[in-house]
Protein chains: 2
Amino acid sequence: MVVQEETKLIGSVAKESGIPIKTIRYYEELGLLKTMGRTEGGFRLFSADVFARLNFIKRAQKLGLSLLEIREFLEIHDQGDLPCDRVQESLRNKLIEVDRQIQELQILRRELGRLLAGEAILPQNSAATICPIIEQV
Amino acid sequence: MVVQEETKLIGSVAKESGIPIKTIRYYEELGLLKTMGRTEGGFRLFSADVFARLNFIKRAQKLGLSLLEIREFLEIHDQGDLPCDRVQESLRNKLIEVDRQIQELQILRRELGRLLAGEAILPQNSAATICPIIEQV
DNA sequence: TTGATCTCTCCAGCCCACTAGAGAGTCAAG
DNA sequence: CTTGACTCTCTAGTGGGCTGGAGAGATCAA
């Protein structure tokens, strides 16, 4: 089989990206990846930009986005022009959420530092009615 | 039943924290929460600091920690003194991971901003062999 | 005492994101 | 033309984190 210059079979995509074949097929099924078509025998053909997509997926996923959310963003990307109002709205919300998440990670960071130093991170005998950890940190 | 001054039944914990009863029982089963004991009839009694714990759990979870990881941190906290070497090691690793995660969130933030502006976030026709999105951003 | 309203345990099922395996077809090299 | 590696689809199972329901007991107000 002569694979066209820029196309890759799923196996080499898997090998180069470190993502299992099964997972790649699963992502394609969900619509996160697109193939350039198939060989006559039905083998998937991927173009080289699949790696950028896989990388985006991996990264976004580690940040807590679901595969469906990621698909939405990839679809916006694929559209190539300004997203419609509804999508802009959802993007803006996500932005806010991401900001909050960054802040919370910074809090967690400090808490882990305290644990390392042998300090408590939660009040041991608190009579607080509203959780103090948020204000406290 | 006369509940002692500082103790709460699971229902009011659920109501005040917004976390379902089932989930609270589940957390206790996993060892994330401890009760102050039970009533004669077997009802769980929680002290007021359960809210701080629940809050910590919720927050940590949103940041991508598993319940088992969270339990580990709570156990360190409960111990109250300097964690042993092995645990310090794991804490330090987690700290590094958190730092990386913060950086990646900042990248994602910029990417979402670009999507909002109608710009592409992935190369459309890239011949890159190594994913460009990381360097690109 | 008798309801209404908790709460208990136990077991089953759901959703997400895979992952394993079976059985069959495809491809390049020799 | 065969061999061996690769790929296909399909079905089913896994693990984490809940969530629902059954059936039974506990608590409390009237």
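Above this text you will find the structure in question.
Residues numbered from 1 in each chain as written. Chains lettered and ligands numbered in written order. Predicted model: local features only at pLDDT ≥ 70, side-chain atom pairs only at ≥ 80, totals over all residues. Heavy atoms only, no water.

Helices and strands together make up the secondary structure of chain A, namely 6 helices and 3 strands. When the helices and strands of chain A are read in sequence order from the N terminus, they spell out β-α-α-β-β-α-α-α-α. Taken over 137 residues, chain A has a buried fraction of 42%. A fraction of 42% describes how many contacts in chain A between residues 6 or more apart in sequence connect residues 24 or more apart. (Helix = DSSP H or I, 4+ residues; strand = E, 2+ residues; numbered from the N terminus. Buried < 20%, exposed > 50% of the residue type's maximum accessible area, 1.4 Å probe, protein only. Contact = heavy atoms within 4.5 Å.)

Here we take up the sheet that holds strand E1 (residues 7-8) of chain B. All names here are of chain B. Across the sheet, which stays open at both edges, the 3 strands sit in the order E1-E3-E2 with antiparallel pairing between neighbours. Of all the strands in the sheet, just E1 and strand E2 (37-38) have a single pairing partner and so form its edges. With 2 bridges connecting them, E2 and strand E3 (residues 44-47) associate as antiparallel partners. Bridged to Arg38 within E3 is Arg44. (Pairing = 2+ DSSP bridges.)

We now examine the environment of Glu69 of chain B. Residues and elements named next belong to chain B. Secondary-structure assignment places Glu69 in helix H4 (residues 67-79). Classification of Glu69 by relative accessible area gives partly exposed; the value is 25%. Considered as a pair, Glu69 and Lys94 are 25 residues apart in the sequence and their alpha carbons are 9.9 Å apart. If sequence neighbours within four positions are ignored, Glu69 has contacts with Gly64 and Lys94.

All names here are of chain B. By the secondary structure assignment, Ile10 is in helix H1 (residues 10-17). Judged by relative accessible area, which is 13%, Ile10 ranks as buried. Sequence separation between Ile10 and Arg44 is 34 residues; the distance between their C-alpha atoms is 6.4 Å. Among all residues touching Ile10, those that are not within four sequence positions of it are Ile21, Ile24, Arg25, Arg44 and Phe46.

We now examine the pairing of E3 of chain B. All names here are of chain B. What you see with E3 is no split at all: Arg44 and Phe46 on one side and Leu45 and Ser47 on the other are buried throughout. Here 2 bridges tie E1 to E3, and the two strands are oriented antiparallel to one another. Note on E3: the bridge partner recorded for Lys8 is Phe46. Adjacent in sequence and paired antiparallel, E2 and E3 are bridged by 5 residues, among which Gly42 carries a positive phi angle near 100 degrees.

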